[in-house]
Every structure is written in C-alpha cells, then in structure tokens.
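Summary of structural features
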Amino acid sequence: MNKIFETPLYPYYQSVDQTASAPAHHSVVVIGAGPVGLGMAIDLAQHGIDVVVLDDNDKVSFGSRAICFAKRTLEIADRLGFGDKLVDKGVQWNLGKVFFDERKVYEFNLLAEDGHARPAFINLQQYYFEQYLVERVQEINSETPKIDIRGKNRVSAIMDHGTYSALTVTTPDGEYTIHADWVIACDGAGSPTRSMMGLDFVGRVFEDNFLIADVTMEADFPTERWFWFDPPFNRGQSALLHKQPDGVWRIDLQLGWDVDKEAEKQPDRVIPRLNEMLGDDVKFELEWVSIYTFQCRRMEKFRHGNVIFAGDSAHQVSPFGARGANSGLQDVDNLSWKLAHVIQGLAPDTLLDSYDDERIHGADENIMNSTRSTDFITPKSDISRVFRNAVLDLSEHHAFARPLVNSGRLSMPCNYVGHSLTGEDALTGGPARSQPGMPCPDAPLDNRYLLSKLGGGFTLMTLNTDAPSLQQIEGIEIAQLELSATSDSNKTLGERFLGTAERAVYLIRPDQHIVARWSEYDAARVQMAVETALGKIQ
Amino acid sequence: MSTLILTPNIPNGDDFYEKLLNAHEGLSKEQSDALNARLILVLSNHIGDMDILEQALEAAKTAGQTS
Ligand SMILES: Cc1cc2nc3c(=O)[nH]c(=O)nc-3n(C[C@H](O)[C@H](O)[C@H](O)COP(=O)(O)OP(=O)(O)OC[C@H]3O[C@@H](n4cnc5c(N)ncnc54)[C@H](O)[C@@H]3O)c2cc1C
C-alpha cells in the first residue's frame, strides 16, 4: 500500500532564486513545513502576505505523531479554511475507561457542552492534518500564488543582519542564499535554527521510554479511550489504546528507563507485547513503531529580533494532554495577524513582543499541565507512586477521587486575561468565560455558529444594541456584527455573552480573542481598545 | 481566610487514636503506607478548602523539622 507518508507532497523543484545573480529578498521565510509552518504560511497568506516555506523534507510527517486535535485547533482550522476536512475524517469519541491492575476502576463521558460548531476534539493522524494543510495551500495558490513551498530545501546557515537575515539553503542542486525581513522558525523540537543561533532550550527530561505503535486491526474495540495503570500485560507501567481513522489504533506502552531502544522496536518484541495486550485472537498489522523519551522545555524568549520561533522549536511538551500541535496552532493564530499588521505598517514593531508575552504564558501553562500528567502516569518516587495508587483505588469506589486521576488533561485554549493587549472589562454582569483576554466562545445563531461569522480581522459585535457604522480605526477595517439575544431566541448566545447584562458591545481580535467589552458603544473607548490591541498603548 | 484548627478538636482523642492504630493492625509497611495515603486523600477532599489544606501541609511540614 502506498501510504501518504511515503509520497512526496511538495516535491523539490528548482526555484529562480537558486540561479539568481544576487540573493533574492523576501518579506517572510518560514523554516519548516510541519503543522505549524504550514499553518503559519496559510494564515499569513490570508492576511495578504507572501511567504516562502523551506523544508528539508518533501513529505508529510513520517508515521503518526499527533492524534488528538482539540476544539480550539478545529476552530483555527475553520478560520484557515480546512476545518471541515479534519472533522469529516477525524474520529470523535466521548467515553474513556480507566483500568488499574486487572480492574476497570471507572469510566467517564466527556459530555462536551452543546452549542459549539466543533466537538471537544477529534482523533486524526498528523499526516492527514498536514496533508489537508498542503491541500489548502494549493487551493490558496490556485487563486493567487502566495505560498511557495520548497521541498528538499534545508536551511544550513542563518546570519542575522539586523533588519534582515541571510539564509543559506542546501538543495539537491547545491546551495543558494536568500534574504528575508522576517524568519519564522517552525523547524521542530530539534530546531537547527535555534542551534545555529546558539539559543537555549531548557527544561525537564522524563527518564522514561514510551513505545508508540500505530496498528491496523479489524477488531471491534469500541471508539473509546482506554488507559491502563499497572496492567498485567505491562507490569509497573502504563498503557493507552486510542482509535484513529482507517481502522488504525494508537497504542502507547510505557517501557521504563533502562531498556534497549533498538531491540524494543523490533517486531519480534513488539508483536508479543501487543498480543498480550489485545488478546491472541486479535489480528493486527504494524503501521508504525517508535520509541520516545519525553521532555517539557521551552526557549527563554520566542522572539529574537526579526527571527521568531513557533511550535515545537519554541516549546516542547510530553504528549499526555495533546498540547504540542494544538499549542503550535495557537502560536500561529497569535503571531500571524500581528506580523501581518506590522509588515503592512498598521502596527508598531513592538506588537510582536506581545507574541512572546502571550505565547510564553501559553507554553508555561502547557508545560505545567503536561508535567503534572507525566508525573501521575510515571511516578518518579515511592511516595508519589503510593499516592497515585491511592487515588486509583479510591476512584473505583468514590467519585471525589476521579478528577484527581490524571492520564492527560484535555487541551483548553489559552487565555490572555491581564496581558498587555487586553483592554477594559466594562460590562457589569458579563460572564467570566467571555471576559477580555478569553478566546471568543462559540454559540449557535439562527442558522450558523458565531465563530464562522468572525472574519479574519477585528470585529465589533453588538448584542441587543447597535453601533454607528464604523469606517476605519487606526487605518484598520473593523467588521461589525449586530446580534440579538433574548430568552426565546439565541438564548445560548445570551448566556455566553450577556450574563445578567441586557446589552453588550464586544471588540474581538483577528485571532478571535476578546479585547474589551462594554455595556454600550462609546467611540473613544472603542478607539482606545483598538490601539491597545495593536500594541500602541503600553 | 479560613483558619486551620490547631487546638484540640476531637472530643475523645484517645478513642480516635486507638481507631487509627487499629486500622493499621496486621498491615505490611506497604499496605499501611497505602492506607495512610487513601486516608489523607479522603480527609483532604472532605475539607475541600485550599487555604486550610495549605495550612495543614505547612503545619505538618514544620512540626517534623528537627531544629
Ligand atoms: C508520540 C507523539 C504523540 C503526539 N501526540 C500529540 C497529540 O495528540 N496532539 C498534539 O497536539 N500534539 C501531539 N504531539 C506533538 C506534535 O507532533 C508536535 O507538537 C508537532 O508536530 C509540532 O509541529 P511543528 O510544525 O512545530 O514541528 P514539526 O512537526 O517537527 O515540523 C518541523 C519541520 O521542520 C523541518 N525542518 C527541520 N529542520 C529544518 C531545516 N534545517 N531546514 C528546513 N526545514 C527543516 C522538518 O522537516 C519538519 O517538517 C505528539 C508528538 C509525539 C512524538
């Protein structure tokens, strides 16, 4: 079978830059065509910016890495124009089961809140995610060529010249040099850009190995997430079984620290382990087997002048809680509009410092959550194991202990409450979930969902009130959305945005985070909030 | 802020103490450790107040220090 991760998706071609007499100059070069680099290119293109993407490979992610994509990622994908593909192909699940030793200690139903266009999350192989991104790039280019993906173009040197950077690129036809005003390094956890610039990447290594196997089987395991602590088939360790599309199952087996990684990866070791786990009568085929050691770490700063890091190159987490790609897409969401506004002369360069501020905050939150999950799953001291097992034993009998069981926490979108771009909260009685800094909650409208009505720019949303038609503020188009909510119509909208207030005015950023809110329209205050969101007021 | 009670609060302390030891009767060290851990979790949940729990952690920590 010709797997999609074996077919070149963006094959090498010789670009005119390679034979140019002087280095070509580009506005933005993205290094790396993983989920983050591709997402960044699409978002920038949608903001009107031309982008060159360089990748040392020419295929989607080899084998499967990420499988859980959270609701916020799906919403960002909607904005980027490929959300439907993800949801159509992805597997949705609600039921999780937790096993301890030989017992099922409890099960839970995610019961996601109603009134959102997108589910809490889906399971999907990372290679599909990347394939759909590439297809979206092609779709954008078929209208106006904006994104130039260059496969087999490895960045082998970077020289910072202050206002621009010079990149040396190695290709099958030799080396060439290009210049870029802005470089976005999305070159993954091992980021060569980071190393070439001599930058730090500190944090914690979890001294443990995990065997990650994707297997195809025709078993009728239900579409549920099963997590085992200390099961008979993997004594003293943990295990996970999770469904992906195409009859593929993700299996994680904790192996411990002192193992021979090469030997453990061989089918003669892997297959008996899986037989023990799945039962001898279950037929399966290995799609992919790898062994990982997990780490939680980040760069001290993500912005280094005109070189900006995003995704795994800037921060890395253990996969429990599915925060890697999900947080990388939030980096995209955060950086693209800011960079576009700076390039277009609509915002000061210092707006980009808020990317550092907001996304370092996001990274720290993700590192904290992933670290906690990893500590629960792989206790590193006798006493932490004693407490872990106590929680599991209690969870079988008492509901109170179940929220303490931590086999990975659902990735929730990060909020920027209290950060520098966040404006005033002047809506008495307004709900906490939609306070300034929060990502705008979705809500059903008559025939669509709210988030699908927010375009790619700033939006002034009025509920049960109106605002005069705005032209531009600070040279920026402000879209207007007039809605009403009563106890009969758009009730959920009212619950999520009015609370006990009768009317409300919201200013929403291009990445759908709420800037400020008021109980009525006031031109001067809206003006000030726009300036705040553009980093013009410190 | 609520305050952790650090004055006598169990009506019959000796009874309680006996029950506590009885619960560990015949258990191995490992089983006792597990029981203690479960007990801490059950009680902590009953308290359910982070201020109190933090004060309790602090009180337990300092009382165990030698100097
Ligand atoms: C087992 C496992 C399970 C995971 N599960 C989840 C999950 O469920 N949910 C989730 O959100 N995340 C998960 N992750 C994390 C997720 O895979 C990563 O966070 C994600 O791939 C990061 O994307 P990225 O674009 O930043 O980097 P990458 O995907 O690593 O892409 C980097 C790109 O840069 C290119 N590159 C590198 N060096 C150069 C160079 N010198 N020049 C040009 N190009 C270069 C590479 O070829 C590559 O294409 C998991 C990871 C693992 C290992």
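Everything here concerns the structure above.
In this report, the structure presented in the accompanying data block is examined. (Residues numbered from 1 in each chain as written. Chains lettered and ligands numbered in written order. Predicted model: local features only at pLDDT ≥ 70, side-chain atom pairs only at ≥ 80, totals over all residues. Heavy atoms only, no water.)

Counting its regular elements, chain B contains three helices and zero strands. Along chain B, helices and strands appear, N-terminal first, in the series α-α-α. Whereas a compact globule of 67 residues would reach a radius of gyration of roughly 11 Å, chain B reaches 14 Å, over 25% beyond that. Taking the principal axes of the C-alpha coordinates as reference, chain B spans close to 40 × 30 × 25 Å. Taking all 67 residues of chain B together, the buried fraction comes to 12%. For chain B, the accessible area works out to roughly 5600 Å², and carbon and sulfur atoms hold 58% of it. In chain B, 4 positive and 10 negative side-chain charges are present, and the distance between their average locations comes to 6 Å. (Helix = DSSP H or I, 4+ residues; strand = E, 2+ residues; numbered from the N terminus. Rg over C-alpha atoms; globule rule 2.2 N^0.38 Å. Buried < 20%, exposed > 50% of the residue type's maximum accessible area, 1.4 Å probe, protein only. Areas by Shrake-Rupley, 256 points an atom, 1.4 Å probe, with all protein chains shown as cover. Lys, Arg positive; Asp, Glu negative; His and termini not counted. Charge placed at Lys NZ, Arg CZ, Asp CG, Glu CD.)

All right, on to the interface of chain A and chain B then. Interface size is often expressed as the accessible area that is lost when the parts come together. Across the contact, eight residues belong to chain A and eight residues belong to chain B. Across the chain A to chain B interface the summed buried area is about 690 Å²; carbon plus sulfur atoms make up 88%. For the chain A face of the interface with chain B, the top three residues by lost area are Phe 387, Leu 394 and Phe 400 of chain A, together amounting to 58%. Across the chain A-chain B interface, the total number found is zero salt bridges. Joining chain A to chain B, the criterion identifies zero residue pairs in polar contact (both at pLDDT 80 or more). Of the residues in the side of chain A that touches chain B, the class split is seven nonpolar, no polar and one charged. (Contact = heavy atoms within 4.5 Å. Buried area = accessible area lost by both parts, 1.4 Å probe. Salt bridge = Lys/Arg side-chain N within 4 Å of Asp/Glu carboxyl O. Polar contact = N/O pair within 3.5 Å; in protein donor to acceptor, adjacent residues only side chain to side chain. Nonpolar A, V, L, I, M, F, W, Y, C, P; charged D, E, K, R; others polar.)

Before going further, it helps to spend a moment on the environment of His 47 of chain A. Residues and elements named next belong to chain A. Mapping His 47 onto the fold places it in the loop between α1 (35-46) and β2 (51-54). Classification of His 47 by relative accessible area gives buried; the value is 15%. Apart from residues lying up to four places away in sequence, His 47 is in contact with Arg 79, Ser 336, Trp 337, Ala 340, Gln 344, Gly 456 and Pro 510.

For the rest of this paragraph, the subject is the site of the ligand. Residue and element names in this part refer to chain A. In the neighbourhood of the ligand, 32 residues make up the surrounding shell, with Asp 55, Asp 56, Gln 126, Asp 312 and Asn 326 lying closest. Cys 68 places a main-chain nitrogen or oxygen 2.9 Å from an oxygen atom of the ligand. Contact between the ligand and Gln 126: an oxygen atom at 2.8 Å from a side-chain N or O atom of the residue. Compared with its free state, where it exposes 1000 Å², the ligand has 90% of that area covered by protein. For the shell around the ligand, the elements supplying multiple residues, two or more each, are α1, β8 (154-160) and α8 (324-343). For the shell around the ligand, the element with the highest residue contribution is α8, accounting for three residues. Taken together, the residues of the shell around the ligand break down into 16 nonpolar, nine polar and seven charged. When residues of the shell around the ligand are assigned to domains, at least three fall in each of domain 1 (4-91 + 120-202 + 296-367) and domain 2 (203-295). (Near = heavy atom within 4 Å. Domains from an automatic or database assignment.)

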